[in-house]
Amino acid sequence: MPGVSRYYLETFGCQMNVHDSDRMGEVLRAHGWTAVNSPDDAELVVFNTCSVREKAEQKLRSEVGKLAPLKAARPELVIAVAGCVAQQEGEKLLKRVSHLDLVIGPDNIPELPKLVQEQLAGAPPRARTEFDLVETSFLSASPDAGRKPSSAMVTTMKGCDERCSFCIVPYTRGPERYRPAAEIVNEVAKWVATGAQEVLLLGQTVDSYRDASLPPPASDDPDESQFPSLLRLIAREVPGLKRLRYTSPHPRHATESLARAHAEVGILAHHIHLPVQSGSNRMLKRMIRRYTREEFVVRARRLLAAQPDMTMSTDIIVGFPGETDEDFEATLSLVQEVGFTALFGFKYSPRPYTPALRLVDDVPEAVKAERLARLFATIDLQGNAHLARLVGRQEEVLFEGVSKTDNNMGLKRRFQGRTIRNEIVHVLVPSEFDLTNVMATATITRANKHSLEGDLDPGTVALLPRTSRASSRSLPLIVGNP
Ligand code: 5AD
């Protein structure tokens, strides 16, 4: 259809990918493209991909494969693969998938409209996967053009200088590069001006942050970074910001000054996601994590002590090469010792270009599955006990919008929000009210398996904005007694 440029964009993987997809949408829309909900209606299909674990990469391959008939029927359709699989495979991907037109790495997003235009004009398939090592840039968000979320993501650094033996990220995202603090503060302020009440700072090792404009690190310990200073700067410079989170920190930089920032910066979430990967020193060494179990426990306890109701979640890999029953028992006991309230658990899968490829993937699949099941049983006990303890308490909830489980029928609607510790809370309100981007106090009435139910008090409900289907309100609102 001449004159019409419609794109379909699908995102796999982590929050960084969601963030990159938002930026891709913005650059495309700035060049006259419009989003659609199905590849069938699009002139351009973009898959933003993840390769951190084998399963994620397999899923991508099957999704791209499914488009072969569409491409055969409409050869002018442009199919692009972006993100980590793109960066990892580059030209090779074009050779392997014959109906693919474009492969574009995370640092090449600004070039997307131009590259697509070339494809539409008949250029041969192309791969662009250059890291911006010389002139590093961070694509700024344009909140006015895109979504207006209650919680916005802001990139603070990219890449990773750790060399964890299992991990492909240093290969797909390149070396660490830090965004200037002033640019970060500006973007946070921009989001707050458009209505966001919470900001999530993003980086592969978000707490290794450095910037010459900030006060020097608290000590000459090489693990000490300027991340705590960045948190303080944001809180000071953007007084309208209500909540500040970050992901993912590396335990190496979870120093005493970070714990102090948690105790002193009022808007910091009472939750931290601190990936530990294993509780066995033997495995931690083989994983090249650069801390021992004992060091992790000290750092975790120090952070947990910074706030009376602080919680911690983590990432764990089971079945890493050479992991014995004893090593795995050490992981289970660490989960109990630290008292994590949630975790993401993964079976080890060998990744290309990683040092661990030299180790034999010798833990049988059935053993990996059994260990993962035991890990989940352990965390479910702890997570459920934690949620049960919250029943009866009053919590400040930042509501994101209508719950996924709302059936959009009847006199009440179900809205979903998060507590300061990131637990999900659902409430029911009469359907004429809109809780989107409202911060309100809810009394927790019930604990589900992975979320909470709550009630707003009737006085609060009366103050809520009314649903207006024509325009979506984005102004922040605080009701009740925050
Ligand atoms: N196999 C399994 N899990 C992995 N992760 C990273 N690489 C691998 C791998 N090769 C997990 C880690 C990390 C999370 C994002 O993914 O737990 O923290």
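Residues numbered from 1 in each chain as written. Predicted model: local features only at pLDDT ≥ 70, side-chain atom pairs only at ≥ 80, totals over all residues. Heavy atoms only, no water.

### A closer look at the overall build of the protein chain
- If you tally the helices and strands in the protein chain, you get 15 helices and 20 strands.
- Each principal axis of the C-alpha distribution contributes one length, and for the protein chain these read about 60 × 60 × 50 Å.
- Here the analysis covers contacts within the protein chain between residues at least 6 apart in sequence; of these, 72% occur between residues at least 24 apart.
- Of the roughly 21,000 Å² that the protein chain leaves accessible, carbon and sulfur atoms contribute 55%.
- One way to put it: in the protein chain the 60 positive side-chain charges average out to a point 2 Å from where the 61 negative ones average out. (Helix = DSSP H or I, 4+ residues; strand = E, 2+ residues; numbered from the N terminus. Contact = heavy atoms within 4.5 Å. Areas by Shrake-Rupley, 256 points an atom, 1.4 Å probe, with all protein chains shown as cover. Lys, Arg positive; Asp, Glu negative; His and termini not counted. Charge placed at Lys NZ, Arg CZ, Asp CG, Glu CD.)

### Looking at the packing of helix α9 (residues 227–237) against helix α10 (residues 256–264)
- Running from N to C, α9 and α10 point in directions that differ by 20 degrees, and their axes come no closer than 8 Å. Viewed along their axes, α9 and α10 adopt a mutual orientation that is roughly parallel. α9 and α10 meet at a crossing whose hand is left-handed. In this structure, α9 uses F227, P228, L231 and R232 to contact α10, whose residues at the interface are S257, L258, R260, A261 and E264.
- Taken together, the residues that form the contact of α9 with α10 break down as 5 nonpolar, 1 polar and 3 charged. (Axes fitted to C-alpha atoms, helices over the stretch in contact; angles between N-to-C directions. Parallel < 35°, antiparallel > 145°, perpendicular 65-115°, else oblique. Left-handed = near helix turned anticlockwise from the far one by under 90°. Nonpolar A, V, L, I, M, F, W, Y, C, P; charged D, E, K, R; others polar.)

### Some words on the domain arrangement of the protein chain
- With domains assigned, the protein chain is organised as domain 1 (6–128), domain 2 (143–269), domain 3 (298–389) and domain 4 (394–462).
- The gap between the C-alpha centroids of domain 1 and domain 4 is 36 Å. (Domains from an automatic or database assignment.)

### Notes on the site of the ligand
- V52, R53, F166, Q277, D315, I317, F346, K347, Y348, S349 and R351 make up every residue found near the ligand.
- Separating a nitrogen atom of the ligand from a backbone N or O atom of F166 is a distance of 3.1 Å.
- Between an oxygen atom of the ligand and a side-chain N or O atom of Q277, the distance comes to 2.7 Å.
- For the ligand, the accessible surface in isolation is 400 Å², of which the surrounding protein chains cover 87%.
- Within the residue set of the shell around the ligand, elements represented by two or more residues are β13 (311–318) and β14 (342–347).
- Of the residues contributing to the shell around the ligand, the split by class is 5 nonpolar, 2 polar and 4 charged. (Near = heavy atom within 4 Å. Polar contact = N/O pair within 3.5 Å; in protein donor to acceptor, adjacent residues only side chain to side chain.)

### Some details on the side chain of H426
- Inspection of the secondary structure assignment puts H426 in strand β17 (residues 424–430).
- The class for H426 is buried, based on a relative accessible area of 7%.
- Here the side chain of H426 touches S403 through a polar contact of 3.0 Å, side chain to side chain.
- Not counting the four nearest positions on each side in its chain, H426 is found in contact with S403, T405, R414, F415, Q416, S451, L452, E453 and G454. (Buried < 20%, exposed > 50% of the residue type's maximum accessible area, 1.4 Å probe, protein only.)

### Focus on the packing of aromatic side chains
- Applying the stated criterion to the full structure yields 8 aromatic pairs.
- Summarising the aromatic geometry, the rings of F166 and F320 are spaced 6.5 Å apart at their centres and angled 85 degrees between planes, so their arrangement reads as edge-to-face. On the criterion of sequence distance, the pair formed by F166 in the loop between β8 (157–158) and α7 (169–173) and F320 in the loop between β13 and α13 (325–338) is long-range, its members being 154 residues apart. With respect to burial, F166 and F320 carry one shared label: buried.
- Relative to Y246, the ring of F227 lies with its centre 4.8 Å away and its plane at 80 degrees, an arrangement referred to as edge-to-face. (Phe/Tyr/Trp six-rings, centres within 6.5 Å; stacked < 30°, edge-to-face > 60°.)

### Some words on helix α1 (residues 15–30)
- With 16 residues, α1 extends 23 Å from end C-alpha to end C-alpha; this agrees with the ideal 22 Å at 1.5 Å per step.
- Residues of α1 that are buried: M16, N17, H19, D20, S21, R23, M24, G25, E26, V27 and L28.
- Backbone geometry just downstream of α1 places G32 in the positive-phi region, at approximately 90 degrees. (Expected span 1.5 Å × (residues − 1).)

### As for the pairing of β17
- In the sheet, strand β16 (residues 412–418) pairs with β17 via 7 bridges, with the strands oriented antiparallel. Each residue of the ladder has a partner; that of G417, found in β17, is V425.
- The hairpin turn running from β16 into β17, its antiparallel successor, is 5 residues long, and N422 in that turn takes a positive phi close to 80 degrees.
- Bridging between β17 and strand β19 (residues 452–456) involves 3 bridges; their strand directions are parallel. (Pairing = 2+ DSSP bridges.)

### A look at the sheet that holds β13
- The 3 strands lie next to each other as β12-β13-β14, forming an open sheet whose pairing is parallel. The open sheet has two edge strands with one neighbour each: β12 (271–273) and β14. Here the average twist between neighbouring strands, direction ignored, is 10 degrees.
- Note: β12 against β13, 3 bridges, orientation parallel. The partner of H273 across the bridge, within β13, is S313.

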